[in-house]
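Listed below, chain by chain, are the residues.
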Amino acid sequence: MAIAHAPQEQPCIRCGDCAAVCPEQLQPQRLLLHLRDERWAQAEHEGLQDCTACGRCDAVCPSIIPLSQHFRQAKAQIAETATRRTRALAARERYRSRQARLSRNEEAREERIVTQTANAASADAVAAAIARAQAKRAARTHPPKA
Ligand code: SF4
Ligand code: SF4
């Protein structure tokens, strides 16, 4: 997202006139250099966000560089990138939450199956024990004839 050259603008001659008139005590020529080289963080560190786009630097620039327009555009791009990053983080968080929920559901399902299997097994064991006891009782009551 490099800052493009405006058609009419000439190279900066580093006269410093822009810095002399900036009410925010910014160094517009330095900000411009950072933006041209895509050093966005450095431009912000040196006060890009404090630029009010008043246009005083534009008015005195002998190289007809639309500085305030470049700064406005850079701020908009930085804000857009931050919004995209926030959205991407939120989407990643939603994905993680969904995966965790699916994993919890799967664990709960497996636990239910284990419990049901254990209950069924113990019911079978109880039924078998009752059957054995009934068989013994029947054998005592009606012993087999010799
Ligand atoms: S447009 Fe920004 S950099 Fe230029 S003089 Fe105004 S505040 Fe300073
Ligand atoms: S006024 Fe224009 S030419 Fe002079 S330093 Fe600032 S940006 Fe460069």
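Structural data are supplied above this passage.
Residues numbered from 1 in each chain as written. Chains lettered and ligands numbered in written order. Predicted model: local features only at pLDDT ≥ 70, side-chain atom pairs only at ≥ 80, totals over all residues. Heavy atoms only, no water.

A. Representation of the nonpolar core. Grouped together as the largest cluster of nonpolar side chains are 18 residues, with contacts concentrated most on Leu 35, Trp 40, Leu 48, Leu 67, Phe 71 and Ala 74. Among the elements of the structure, helix H2 (28–36), helix H3 (40–45) and helix H5 (67–141) are those that each provide at least two residues to this core. The element contributing the most residues to this core is H5, with four residues. (Core = buried A, V, L, I, M, F, W, Y, C linked by side-chain atoms within 4.5 Å. Buried < 20%, exposed > 50% of the residue type's maximum accessible area, 1.4 Å probe, protein only. Helix = DSSP H or I, 4+ residues; strand = E, 2+ residues; numbered from the N terminus.)

B. Region of the structure containing the layout of surface pockets. Roughly 200 Å³ of volume is contained in the largest pocket. Residue composition of the lining of the largest pocket, by class: five nonpolar, three polar and four charged. (1 Å grid on protein atoms, 1.4 Å probe; cavity = no way out; pocket = protein on both sides within 12 Å on 5 of 7 lines; lining within 4 Å. Points joined across faces, edges and corners; volume = space filled by probe spheres on them. Nonpolar A, V, L, I, M, F, W, Y, C, P; charged D, E, K, R; others polar.)

C. Inspection of the site of ligand 1 at higher detail. In the vicinity of ligand 1, the contacting residues are Cys 22, Pro 23, Glu 24, Pro 28, Cys 51, Thr 52, Ala 53, Cys 54, Gly 55, Cys 57, Ser 68 and Phe 71. Here the shell around ligand 1 is composed, by residue class, of eight nonpolar, three polar and one charged. (Near = heavy atom within 4 Å.)

The analysis is restricted to geometry; functional conclusions fall outside its scope.
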